[in-house]
Amino acid sequence: MQFERDPYAHDFAFLRFWVDVRTSLRILLDFIFSKVIVITATFIDLLSDLLFCVLYCVDLSWAFANLDDPILDTLPEPKWLWISRATETYYICVSFAIVNIVIWFCGLMVSHHKIRDTFSVLTLVHVLTSFPFLIGLTWPPAQNLYIPYYLRAVITVDRLRAVLRLRGTTRAFNFSAVTEKGILLFGSVLTVVYLGVCTYQYVEYRGGGRILGLPSSFYFVIVTLSTVGYGDVAPETVAGQVVVIGLILVALSVVPSLIAQLVETIANSKTAENEVFIATRHPHVVVIGNFDIVRRLIDVLEEVTAHSSLHQRILFLSRTPATPAVQSVISHIKYKSTVSFIVGSGTETRDLERAQLLKAAATYVLADRGARDLRREDDMNTLRVWGIHKSTTFCK
């Protein structure tokens, strides 16, 4: 018996193949952008830059200890362009450079502002601190090229911000807004000090042949930034004086703003702890939980406003104070007249009275999915619901 061949069999086979490919790509993308992978990649980025900055200190210390390296006499002019570098250190730098280039390129590909990011300061830092290492793979003398890759510290601050934005995504990475601002302040100050130490150390050597160890340079920068100025260590070159002036200007422009943000966060937390919600003729709903993360706040706002009337007000009774980012969302023209935020606990009668719970049209108790102990979080939510029930029943 002879069967006639289906003329559309090839088309159906191609269609099945294309569906399988798209399904596989979707699974791969879901895996790449999953929460675990994103958190891991963010921490790896930060750790890579930190190790790269530490490696610079080791590299320069080796160069100062081997100023009589014979290979320096074989290198072309100008001599300030070259340093003595261990072969092992060079290949470690190449490894870091390749990783940094790959990360930079992948970030650029998924960016929504490719042109702006291509010509940004961070891209310039990537170019100066990574690409020059690849020259030595084809031209061996370039393995001794001086590369100021301590400038990676500028990117490290951006990496730190990315890590801090993960706050609340996991149980092990859940802390207050005040702690977040404190970490950012400490990291920024440490970055300014590190940049000042490395720049001052190098220009003093190249400009006047003065060799300063890391402890001496660190001591000088700390004394200078603290405005103590003992004078026992001072710049001996014009370049060193310029570095000190630039260091002071950077510190005065960066550190005060970060301190102001930290103080503002602390002040907001204290103000919100005593604030009392004023009920009006319009009904309001109370949402109890932890809302110091913007994404969580926006999700709740979208969900509640989608099922509420036009004039219904929303009160967040949060266990943690609002960050400046959360404050900016609340003060947006879309929510400014309908959203309020106070700090309190769902188990405290005083806080429930501050929220005008008896006059609320509805009350929602939301669990903190980023809590360290989920079982304890469930138990506490049970207590909150029980406390709300007892308070309203007793008062009525």
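Preceding block: the structure.
Conventions used here
- Residues numbered from 1 in each chain as written.
- Predicted model: local features only at pLDDT ≥ 70, side-chain atom pairs only at ≥ 80, totals over all residues.
- Heavy atoms only, no water.
- Helix = DSSP H or I, 4+ residues; strand = E, 2+ residues; numbered from the N terminus.
- Polar contact = N/O pair within 3.5 Å; in protein donor to acceptor, adjacent residues only side chain to side chain.
- Contact = heavy atoms within 4.5 Å.
- Core = buried A, V, L, I, M, F, W, Y, C linked by side-chain atoms within 4.5 Å.
- Buried < 20%, exposed > 50% of the residue type's maximum accessible area, 1.4 Å probe, protein only.
- Phe/Tyr/Trp six-rings, centres within 6.5 Å; stacked < 30°, edge-to-face > 60°.
- Expected span 1.5 Å × (residues − 1).
- Axes fitted to C-alpha atoms, helices over the stretch in contact; angles between N-to-C directions.
- Parallel < 35°, antiparallel > 145°, perpendicular 65-115°, else oblique.
- Nonpolar A, V, L, I, M, F, W, Y, C, P; charged D, E, K, R; others polar.
- Patch = residues over 30% accessible without salt bridge, like charges linked within 9 Å, V, L, I, M, F, W, Y side chains within 5 Å.
- Areas by Shrake-Rupley, 256 points an atom, 1.4 Å probe, with all protein chains shown as cover.
- Salt bridge = Lys/Arg side-chain N within 4 Å of Asp/Glu carboxyl O.
- Pairing = 2+ DSSP bridges.

Take serine 84: it is sitting in the loop between helix H2 (35-65) and helix H3 (87-109). Among the polar contacts made by the side chain of serine 84, one reaches the side chain of aspartate 69 at a distance of 2.8 Å. The residues contacting serine 84, other than those within four sequence positions of it, are Asp59, Trp62, Ala63, Asn66, Asp69, Leu72 and Asn144.

Okay, the nonpolar core next. Nonpolar side chains in soluble globular proteins generally cluster together in the buried interior. One finds Phe52, Tyr56, Phe133, Tyr146, Tyr149 and Tyr194 to be the most contacted residues of the largest nonpolar core, which totals 28 residues. Mapped onto this core, the elements with two or more residues apiece are H2, H3 and helix H7 (177-208). It is H2 that contributes the most residues to this core, 8 residues altogether. Judged by nonpolar contacts, the second largest core, of 17 residues, contains Leu301, Ala322, Val339 and Val343.

Another aspect to go through is the packing of aromatic side chains. One pass over the full model with this rule turns up 13 aromatic pairs. A ring pair is formed by phenylalanine 52 and tyrosine 149, whose centres lie 4.7 Å apart and whose planes are at 25°; its orientation type is stacked. In this pair, phenylalanine 52 sits in helix H2 while tyrosine 149 sits in the loop between helix H5 (121-135) and helix H6 (152-164), placing the two residues 97 residues apart along the sequence. Classification of tyrosine 149 as buried rests on a relative accessible area of 0%. Look at tyrosine 90 and tyrosine 91: their rings are 5.1 Å apart centre to centre, the planes differ by 75°, and that puts the pair in the edge-to-face class. With relative accessibility at 1%, the residue tyrosine 90 sits in the buried group. Looking at tyrosine 91, the relative accessible area reads 43%, which means it is partly exposed. By way of ring pairs, the aromatic residues Phe52, Tyr56, Phe96, Phe133, Tyr146, Tyr149, Tyr150 and Tyr202 are connected into one cluster.

Turning our attention to H7. Compared with the 46 Å implied by 1.5 Å per residue over 32 residues, the 46 Å span of H7 between its first and last C-alpha is a close match. Of the residues one or two after H7, glycine 209 is the one with positive phi, at around 70°.

Of note, glycine 346 is situated in the loop between strand S3 (339-343) and helix H12 (349-354). A C-alpha to C-alpha distance of 8.0 Å links glycine 346 and glycine 289, two positions 57 residues apart in sequence.

Before going further, it helps to examine the packing of H6 against H7. Working note: a packed helix pair is described by the angle between its axes plus the distance between those axes. Put simply, H6 and H7 touch, their axes get as near as 10 Å, and they point 170° apart. In terms of orientation, H6 and H7 fall into the roughly antiparallel class. On H7, the residues that touch Ala153, Val154, Val157, Leu160, Arg161 and Leu164 of H6 are Glu180, Ile183, Leu184, Gly187, Ser188, Thr191, Tyr194 and Leu195. Each residue belonging to the contact of H6 with H7 can be placed in one class, and the counts come to 9 nonpolar, 3 polar and 2 charged.

A separate point is a nonpolar patch on the surface. Taken together, the side chains of Phe105, Met109 and Val110 present a nonpolar region at the surface, about 290 Å² in accessible area. Positionally, valine 110 belongs in the loop between H3 and helix H4 (114-118).

Before going further, it helps to spend a moment on the pattern of salt bridges. All chains considered together, the criterion is met by 6 salt bridges. Taking the shortest distance from any N to any O, the salt bridge between aspartate 49 and arginine 159 comes out at 2.9 Å. With aspartate 49 in helix H2 and arginine 159 in helix H6, this residue pair connects regions lying 110 residues apart in the sequence. Judged by relative accessible area, arginine 159 falls into the buried class, the value being 13%. Residue aspartate 59 is joined to arginine 85 by a salt bridge in which the shortest nitrogen-to-oxygen separation is 2.9 Å. Within this pair, whereas aspartate 59 is found in helix H2, its partner arginine 85 is found in the loop between H2 and H3, the two being separated by 26 residues in sequence. Taking the relative accessible area as the measure of exposure, aspartate 59 reaches 2% and is therefore buried. Where salt bridges share partners, they join Asp49, Arg152 and Arg159 into one cluster.

It is worth spelling out the pairing of S3 at this point. Along S3, 5 of the 5 residues are buried, which leaves the element largely enclosed by surrounding structure. Here strand S2 (residues 313-318) runs beside S3; their pairing, made up of 5 bridges, is parallel. Within S3, the position partnered with leucine 315 by the bridge is serine 340.

Here we come to unusual backbone geometry. Leaving glycine out, the prevailing phi sign among residues is negative, and the prevailing peptide bond configuration is trans. The omega torsion across glutamate 77 and proline 78 is -5°, close enough to zero to call that bond cis. Mapping proline 78 onto the fold places it in the loop between H2 and H3.

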